[in-house]
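Notes for the structure review
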Amino acid sequence: MIPADLPLEFVRVVERAAIEAARTMGRGDRKGSDHVAVEAMRHEMETVDIDGTIVIGEGERDEAPMLYIGEKVGTGSGPGVDIAVDPLEGTNLCATGAAGAIAVLAAAERGGLLHAPDIYMDKLVVPGPARGQLDISAPVADNLKALARALNRDVEDLVVIVLDRPRHEQLVADIRQAGARIRLIGDGDLSAGISVAVLGTGVHAVMGTGGAPEGVLTAAAMRCLNGEIQGRLVMTRPADAERMRKMGISDLERVYRTEDLAPGKGVIFAAAGITEGPLLKAVRFFRDGIRTECLVMTTEPHQVRFIDTIHAEDNPDVVIRF
Ligand code: FBP
């Protein structure tokens, strides 16, 4: 049983990572930004009463000094939880001050999140009304027709988010051919996926290949937002086969559904805005404090909360503005 206050504890963790990353915004130092976000998240996590294990993190133990896969986090007293983190999703976005960088954490009871290898994944993310009506293996045009039908609009009225990469040349051509509109993004298919599952954001699907770890985090968000992700692992380097084998994955063609990627009963998803985004505002620094915006969601109870926090200086003269 996940304690009721745990989601709010995780808000603290993503807020801290977001604040530290945001201080480095625009410095052009993607590694430096990532490093401070990782350190801040790791440090804040030490105070959370969980017996946590990182299942998706900064890499294998020999690659990452902190938040590596298998690392124990939390005070050690409390429930056993598996944790997936992306302390800075969109390192380039933060380094250049572009929109959409977020700090992210998902958690579930043991076994509640897929231990996905750090390789690519072909993804299809759609909002709740289209759940179960598209098939990642079907032609793009068929999927866009099904999506339009589910959303009660024409294909021409759909906006599909695609990572701007040469590998997506054919996909972009297929979407254009089908008549849908496209938003090409530089980075950040996880925050794009979250926006897709929230009606009113003006975007209706994410298509194309991005990171598999981001796919698992997207699935945790979809469990809370009733959206859908379908994903298929993609091997691009010789080392990927070994990675998959080590994780017990033999079927390359397998299509993972939302519940395969994030099967937990009690899923928690927390994200904090770093740079400005469609759902979460950027971290704002002012004389008397810092303001952050977070999204924290749970499946049990099913809640989606937006939390706007002023971290005020400890000073009796501080003025709080709306
Ligand atoms: P980072 O924050 O690790 O830089 O990842 C950003 C991102 O754009 C993800 O959102 C996406 O899944 C992945 O990188 C795509 O990978 P690539 O940049 O190799 O195409």
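Just so you know, these numbers come straight off a predicted model, no measurement behind them.

1. Considering the pairing of strand β13 (residues 289–298)
A large share of β13 lies buried, amounting to 10 of its 10 residues. Burial along β13 is two-sided: the face carrying G289, R291, E293, L295 and M297 and the face carrying I290, T292, C294, V296 and T298 are both buried. Examined bridge by bridge, strand β11 (residues 268–273) and β13 share five bridges and lie antiparallel to one another. What sits directly across from A270, in β13, is V296. Here three bridges tie strand β12 (residues 284–286) to β13, and the two strands are oriented antiparallel to one another. Residue pairing in the sheet places F286 in a bridge with G289 of β13. Between β12 and the antiparallel strand that follows it, β13, lie two residues. Note: β13 against strand β14 (residues 303–312), 10 bridges, orientation antiparallel.

2. Let's talk about the domain arrangement of the protein chain
Frequently, the measure chosen for interface size is the accessible area removed from exposure when the parts meet. When the domains of the protein chain are assigned, the result is domain 1 (6–112 + 267–312) and domain 2 (120–261). At the interface, 24 residues of domain 1 touch 21 residues of domain 2. The junction of domain 1 with domain 2 conceals about 1900 Å² of combined surface from both sides, 71% of it contributed by carbon and sulfur atoms. Between E63 and R243 there is a salt bridge; the shortest N-O distance is 2.7 Å. Our count for the contact surface shared by domain 1 and domain 2 stands at five residue pairs in polar contact (both at pLDDT 80 or more). Sorting the residues of the side of domain 1 that touches domain 2 by element identifies β3 (80–89), α3 (91–96), β4 (102–109) and β13 as the ones contributing at least two each. Partitioning the side of domain 1 that touches domain 2 into residue classes produces 15 nonpolar, five polar and four charged.

3. Here we look at the side chain of E214
Mapping E214 onto the fold places it in helix α7 (residues 212–225). One buried charged residue, E214, forms no salt bridge at all, with the nearest opposite charge on K123 at 4.9 Å. Residues in contact with E214, not counting those within four places in the same chain, are D86, E89, K123, D189 and L190.

4. Considerations on helix α2 (residues 30–45)
Helix length check: α2 (16 residues) gives 22 Å between terminal C-alpha atoms against 22 Å at 1.5 Å per residue, within 8%. Among all positions in α2, only S33, D34, A37, V38, A40, M41, R42, E44 and M45 are buried. Residues of α2 that are buried make contact with α1 (6–22), β1 (51–56), β2 (72–73), β3, α3 and β4.

Calculation rules
Residues numbered from 1 in each chain as written. Predicted model: local features only at pLDDT ≥ 70, side-chain atom pairs only at ≥ 80, totals over all residues. Heavy atoms only, no water. Buried < 20%, exposed > 50% of the residue type's maximum accessible area, 1.4 Å probe, protein only. Helix = DSSP H or I, 4+ residues; strand = E, 2+ residues; numbered from the N terminus. Pairing = 2+ DSSP bridges. Domains from an automatic or database assignment. Contact = heavy atoms within 4.5 Å. Buried area = accessible area lost by both parts, 1.4 Å probe. Salt bridge = Lys/Arg side-chain N within 4 Å of Asp/Glu carboxyl O. Polar contact = N/O pair within 3.5 Å; in protein donor to acceptor, adjacent residues only side chain to side chain. Nonpolar A, V, L, I, M, F, W, Y, C, P; charged D, E, K, R; others polar. Lys, Arg positive; Asp, Glu negative; His and termini not counted. Expected span 1.5 Å × (residues − 1).

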